[in-house]
Amino acid sequence: WDQQKVKSYGAPDMSTEAQKAAVAHALDIEMAIVGLGRDANGRISIMKDYIQRTDAVPGEMAGIFHYLALGQNTYTPAATHGVMGNILTFDANKDGTGAATALDMTKLKTLLRHVWVNGTMAKDIFLGSALKDKVDDLVSRQWKGEKSVTNNVTDIDTAYGTVSFHLHRFFNEDNNLEDALLAGNFDYAKLGELESRLETMAKVDTSDKKMYYTSCTLEVRNAFAFAAAFGLK
């Protein structure tokens, strides 16, 4: 960001701009954790492998979905869904190419059971607004006489663990992730931050310029503590 040095009413706003840029920078890091921003197609972007840094090539970290695939790149059809490592697809063709099918409690439990079978229990599920509305509709009751009601499911207790639902803006149509669920025990995934700094850059004419730099990488310590699902609506 640039701030031109001119006489104006009030104090210089460089500190305000720095705070705004810090928020945007944090969102960039969050996008990298998901794996977005590396390809125009979000579904392709999230599956890309990491790029090792060299003197000539900048490094790029892989997002969490890449690690859940366990090195596989095609789905193996099962009875009710397709499987690619720890990623499930519930599309009509069971291979990632078919139309999305309706989310129901059976499919939600299938996702959670996949984590349980692998030795742990999911604690959290991240999802977009469309699927969150569907989850809210899965658990319903009739209201009579209440002046205030809640239609927001935050937790579901199942035989495979109690999970909390987290609405996430990145799981949307623009990113091709509106049909996705990401479940797991996120204690097994950590962002290793090697360095983060705010540097003053060379002046541009009469403008001051600063830039945030962060070196970090996503460490998925146990890919079997997670499972993702696609092909849902």
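Refer to the preceding data block for the structure.
Below is a short write-up of the structure. (Residues numbered from 1 in each chain as written. Predicted model: local features only at pLDDT ≥ 70, side-chain atom pairs only at ≥ 80, totals over all residues. Heavy atoms only, no water.)

### Comments concerning the nonpolar core
Core analysis: the biggest nonpolar cluster contains 24 residues, and Phe65, Ile87, Leu177 and Phe230 have the highest contact counts within it. Sorting the residues of this core by element identifies helix H3 (64-68), strand S10 (207-220) and strand S11 (226-230) as the ones contributing at least two each. If we skip the residues at most four places from it in the chain, Ile87 touches Met47, Phe65, Leu68, Ala69, Tyr75, Gly82, Ala228 and Phe230. Judged by nonpolar contacts, the second largest core, of 22 residues, contains Leu108, Val135, Val153 and Tyr160. (Core = buried A, V, L, I, M, F, W, Y, C linked by side-chain atoms within 4.5 Å. Buried < 20%, exposed > 50% of the residue type's maximum accessible area, 1.4 Å probe, protein only. Helix = DSSP H or I, 4+ residues; strand = E, 2+ residues; numbered from the N terminus. Contact = heavy atoms within 4.5 Å.)

### Here's the deal with the sheet that holds strand S7 (residues 161-167)
Read across the open sheet, the eight strands follow the order S2-S3-S4-S11-S8-S5-S7-S6; overall the sheet is mixed. Two strands close off the open sheet at either side, each with one partner strand: strand S2 (76-77) and strand S6 (155-158). Summarising the sheet, S2 and strand S3 (residues 82-84) pair through two bridges and their orientation is antiparallel. Bridge pairing in S3 places Thr76 opposite Val83. Together, S3, strand S4 (87-89), strand S5 (124-127), S6, S7, strand S8 (181-184) and S11 form the strand contacts of helix H4 (residues 105-117), whose direction differs from that of S11 by roughly 150 degrees. (Pairing = 2+ DSSP bridges. Axes fitted to C-alpha atoms, helices over the stretch in contact; angles between N-to-C directions.)

### Here we look at unusual backbone geometry
With a phi angle near 60 degrees, Lys94 is a residue other than glycine that sits in the positive phi range. In this fold, Lys94 is placed in the loop between S4 and H4. Positive phi values are uncommon outside glycine, yet Asn176 reaches one of about 60 degrees. Inspection of the secondary structure assignment puts Asn176 in the loop between S7 and S8.

### Quick word on H4
Between the first and last C-alpha of H4 there are 18 Å, a value that for 13 residues agrees with the 18 Å anticipated at 1.5 Å per step. Among the residues of H4, Lys107, Leu108, Thr110, Leu111, Leu112, His114 and Val115 are the ones counted as buried. One or two residues past the end of H4 sits Gly119, with phi positive at roughly 115 degrees. (Expected span 1.5 Å × (residues − 1).)

### Section: the pairing of S5
If a strand is regular, its side chains alternate between the two faces of the sheet. Bridge count for S5 against S7 is four bridges, and the pairing is parallel. Each residue of the ladder has a partner; that of Ile125, found in S7, is Phe165. Of the strand pairs in this sheet, S5 and S8 are connected by four bridges, and their pairing is antiparallel. Of the residues in S8, the one forming a bridge with Leu127 is Leu181.

### Some details on the pairing of S7
Of the pairings in the sheet, the one linking S6 to S7 comprises four bridges and is antiparallel in character. Across the sheet, residue Ile156 finds its bridge partner in S7, namely Val163. The turn linking S6 back onto S7 is made up of two residues.

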